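# Observations on the model geometry
The chain contents come next:
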Amino acid sequence: MSQIAVMEQQLDAIKEEAKKAFKNASDLSQLDQERVKYLGKKGALTEVLKGVGKLSPEDRPAIGKIVNKVKDDLDRTFKISQAVMKDKLGLLRIEAERVDVTMPGRVTSRGYKHPVQNGLDELTAIFTQMGFDIAQGPEIEDEFHNFDALNIPPEHPARAMHDTFFLKEFTDRPMVLRTHTSPVQIRAMQRFLKEGNEPPLAVVAPGRVYRCDYDMTHSPMFHQVEVFKVDRDVSLANLKGVLKHFLSAYFGKELPIRLRPSYFPFTEPSAEVDIGCVLCDGKGCRVCKQTGWIEVLGSGMIHPNVLKSVGIDSDTYSGFAFGLGVERMVMLKQGIPDLRLFFENDVRFLGRMGS
Ligand code: PHE
């Protein structure tokens, strides 16, 4: 075989081998390594070209032509392989980054306002809409505000009625966990007068209260809303009008109400307020114990001694006051049978009752 024929065969073999290598390269860097291996300065083709020197001068141009053709051919194959691979990688990347817009979203559990907080907010709003101002007082209260100023002197039997938590930590001045929101009447009136105001004064005071008591209808911590108004000529009719409006607004329907004579040291006269049973519409059921009526709050005309304790002239001014249990109101409105459900923090209950 002639020298040229041998080289031509060699070149052919290299070409086929290189094409296969380009085709089989698994990524761009391997493809480039193959290019260097066959087309690079120290590559297989250059190696063949070195043998050209051994050829006769008249054979050299022919083999030069063949080498160039193989080189061009491989260059093109390399570029095509590179383009195909880049395309393939791009498609792979697009595939990997693909977002399934039909996939259902992750379910996140939602928080709810506690039903008692809901009740507090609803009740308070009814009064602010009637023009009452919101007031608050401390939960750790002194005996003056919780009892004395409310016409409950130390030896008064009403103190025993309250199941008070006394705080031993305060040795110099006896302190209690307030047993009702009525001390806020005193604090709100004191602040009002200190700021140089004169009645009228109308206040709604929502808050936590504490009594040493625990069963299906009593919790040692519960919530009350206190409402009172002081002005010239405030009468029992004003009290009844506010009660009627507020109870119908809260329960979302026109409700009959009745006032039954009762006793609180800080009101005179005092009245227990009943509404027509919201569950049986007054027909008689288990909740109203077949009476058709449900007791919802305590009320009365503010006792002159209470006005005097803060320095308001009880000959010029009078007032009404009432206090209600928030949990009880929410239970009646939502038909909740056991007060303890509010404080057990079972999310199945809170989720169903909250909003
Ligand atoms: N403070 C009373 C209680 O907790 C309720 C009440 C408030 C009664 C205002 C009359 C006037 O039972």
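A brief report on the enclosed structure follows.

Reading the values: rules and limits
- Residues numbered from 1 in each chain as written.
- Predicted model: local features only at pLDDT ≥ 70, side-chain atom pairs only at ≥ 80, totals over all residues.
- Heavy atoms only, no water.
- Buried < 20%, exposed > 50% of the residue type's maximum accessible area, 1.4 Å probe, protein only.
- Helix = DSSP H or I, 4+ residues; strand = E, 2+ residues; numbered from the N terminus.
- Pairing = 2+ DSSP bridges.
- Near = heavy atom within 4 Å.
- Polar contact = N/O pair within 3.5 Å; in protein donor to acceptor, adjacent residues only side chain to side chain.
- Areas by Shrake-Rupley, 256 points an atom, 1.4 Å probe, with all protein chains shown as cover.
- Nonpolar A, V, L, I, M, F, W, Y, C, P; charged D, E, K, R; others polar.
- Axes fitted to C-alpha atoms, helices over the stretch in contact; angles between N-to-C directions.
- Parallel < 35°, antiparallel > 145°, perpendicular 65-115°, else oblique.
- Contact = heavy atoms within 4.5 Å.
- Salt bridge = Lys/Arg side-chain N within 4 Å of Asp/Glu carboxyl O.

### Notes on the pairing of strand β8 (residues 267–276)
- Here β8 lies mainly inside the structure; eight of its 10 residues are buried.
- As paired strands, strand β7 (residues 257–264) and β8 are joined by seven bridges and run antiparallel to one another. Following the sheet pairing, Phe-264 is matched in β8 by Thr-267.
- Between β7 and β8, which pair antiparallel in sequence order, lie two residues.

### Concerning the site of the ligand
- By nearness alone, 14 residues border the ligand, and His-180, Ser-182, Arg-211, Gln-224 and Gly-323 come closest of all.
- Note that an oxygen atom of the ligand is positioned 2.9 Å from one of the side-chain N or O atoms of Arg-211.
- Considering the ligand on its own, with 330 Å² of exposed area, one finds that the protein chains cover 91% of that surface.
- Taken together, the elements giving at least two residues each to the shell around the ligand come down to β6 (221–231), β9 (293–302) and β10 (318–325).
- Considering every element that reaches the shell around the ligand, the biggest residue donor is β10, with three residues.
- Residue composition of the shell around the ligand, by class: four nonpolar, eight polar and two charged.

### Concerning the packing of helix α5 (residues 115–129) against helix α11 (residues 326–334)
- Following both chains from N to C, one finds α5 and α11 inclined at 100 degrees, their axes separated by 9 Å at the closest point. Taken together, the axes of α5 and α11 are roughly perpendicular relative to one another. Contact with α5, carried on its side by Pro-115, Val-116, Gly-119, Leu-120, Glu-122 and Leu-123, involves Val-326, Glu-327, Met-329, Val-330 and Lys-333 of α11 and no other residues of that element.
- For the contact of α5 with α11, the class distribution of residues is seven nonpolar, one polar and three charged.

### A closer look at the pattern of salt bridges
- Within the structure shown, the criterion is met by 22 salt bridges.
- Note that Lys-15 and Asp-73 form a salt bridge whose closest N and O atoms lie 3.4 Å from each other. In this pair, Lys-15 sits in helix α1 (residues 3–24) while Asp-73 sits in helix α4 (residues 60–96), placing the two residues 58 residues apart along the sequence. Asp-73 matches Lys-15 in its accessibility class, with the two residues each being buried.
- Residue Asp-338 pairs with Arg-340 through a salt bridge whose shortest N-O separation is 3.2 Å.

### Side note on the environment of Leu-193
- Structurally, Leu-193 is set in helix α8 (residues 183–194).
- A relative accessible area of 24% means that Leu-193 is categorised as partly exposed.
- Each C-alpha atom of the pair Leu-193 and Gly-311 lies 8.6 Å from the other, and the pair is 118 residues apart in sequence.
- Those residues in contact with Leu-193 that sit more than four places away from it in its chain are Val-310 and Ile-312.

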